[in-house]
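Here is what each chain is made of, one letter per residue.
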Amino acid sequence: MISNENLLALAKKTILSESESIAKLTTFLDDQFLSAVQKIYQSKGRVVITGIGKSAIIAQKIVASLNSTGTPALFLHASEAIHGDLGMIQDEDVIICISKSGNSPEIKVLVPLLKRFGNTLIGMTGNMTSFLAKGSHFVLNTTVDAESCPMNLAPTNSTTAQLVMGDALTVCLMEMRGFQAEDFAKYHPGGALGKKLLLKVKDLIEHSLKPMVSPETSIKKAIFEISEKRLGVTAVIDNEKVVGIITDGDIRRMLNDRDSISDVLAKDIMTQNPKQIHSEAMAIDAFNLMEDFSITQLIVIDNGSYQGVLHLHDILKEGIV
């Protein structure tokens, strides 16, 4: 039975071996890579990525990365291509074929068929003398010295190299397209990421109540307002302007300091110049502001007009953080 010490040593050896393979890829970046990126960028069609076995799985990940960053892409399984799925390919599409050996039977059948369509074929392979390499218009070199597998059989370093080369393509295309966070948000509207990029303060307070009292309001009525609106705070409004806020923390401190509250007014305990934000601000920016000042509520004000209160719970409820 292998000892824990030997297991850790094997894991470290695997990681170091794969990292060395990745680092070596930088020496393979040449005019072929540049031409491939330019061809994809200039294409009016999509990127069709195909492969077999583990390379097919890598192809699907690269397709997902391209689609989410502004380059339309689709996956074509090499074994299914010759049974009708070649119909997916359109005239303007650029095809990337991924294969470590570049000589598998499926690839040898597929490459001539792909070229017959007249599309640009980009090969991604670890064998620069292979059938795929010789049959491609451009070749992305993903050669590795060996796999991390002790028998040098299971795809490890080679599939990692393919994945990283795909990431390099994706990032270069993002930069060429001037892809920004706003664009990213359009393709990731769901989940925490989408909300972080899209959700605004106004979306969180749209149906919220607007607690408010005047500076001359008795503290008893202020407490009732805070309790009724269930936000743990009320704005203090004078001449339609927010002049302060009273939080449930202010109430607790007042009760600790005073024996009688019958003559206390809102203005006596309010916090002046409360932290505020406008409704068009991003919800994540509101959260960061709360974090910076260790507070749980923000007054929302647009052009001097009180819009409501944003509570930390409103943000957390959306799963942004």
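Rules used in this analysis
Residues numbered from 1 in each chain as written. Predicted model: local features only at pLDDT ≥ 70, side-chain atom pairs only at ≥ 80, totals over all residues. Heavy atoms only, no water. Buried < 20%, exposed > 50% of the residue type's maximum accessible area, 1.4 Å probe, protein only. Helix = DSSP H or I, 4+ residues; strand = E, 2+ residues; numbered from the N terminus. Pairing = 2+ DSSP bridges. Right-handed = clockwise from strand over helix to strand, strands pointing away. 1 Å grid on protein atoms, 1.4 Å probe; cavity = no way out; pocket = protein on both sides within 12 Å on 5 of 7 lines; lining within 4 Å. Points joined across faces, edges and corners; volume = space filled by probe spheres on them. Nonpolar A, V, L, I, M, F, W, Y, C, P; charged D, E, K, R; others polar.

Colleague: Can you help me understand the pairing of strand 4 (residues 120–125) in this one?
Modeller: Each regular strand displays side chains that alternate between the two surfaces of the sheet. Across the six residues of strand 4, six count as buried, placing the element largely inside the fold. Burial along strand 4 is two-sided: the residues Thr120, Ile122 and Met124 and Leu121, Gly123 and Thr125 are all buried. Relative to strand 4, strand 3 (residues 94–99) is paired through six bridges, and the arrangement is parallel. Each residue of the ladder has a partner; that of Ile96, found in strand 4, is Ile122. Between the parallel elements strand 3 and strand 4, the chain passes through helix 5 (residues 105–116) in a crossover that is right-handed. In the sheet, strand 4 pairs with strand 5 (residues 138–141) via four bridges, with the strands oriented parallel. Following the sheet pairing, Ile122 is matched in strand 5 by Phe138.

Colleague: Whenever I open this one, empty space enclosed by the protein confuses me. Can you help?
Modeller: One way to see where empty space is left: roll a probe the size of a water molecule over the atoms. Scanning all chains against the criterion turns up one cavity of 30 Å³ or more. Estimated volume of the largest cavity: approximately 30 Å³. If you trace the largest cavity, you find it lined by Phe28, Leu29, Asp30, Gln32, Phe33, Val139, Leu140, Asn141 and Met165. If you list the elements that add at least two residues to the lining of the largest cavity, you get helix 2 (31–42) and strand 5. A total of three residues in the lining of the largest cavity trace back to one element, the largest contributor, which is strand 5. Grouping the amino acids of the lining of the largest cavity by side-chain chemistry returns six nonpolar, two polar and one charged.

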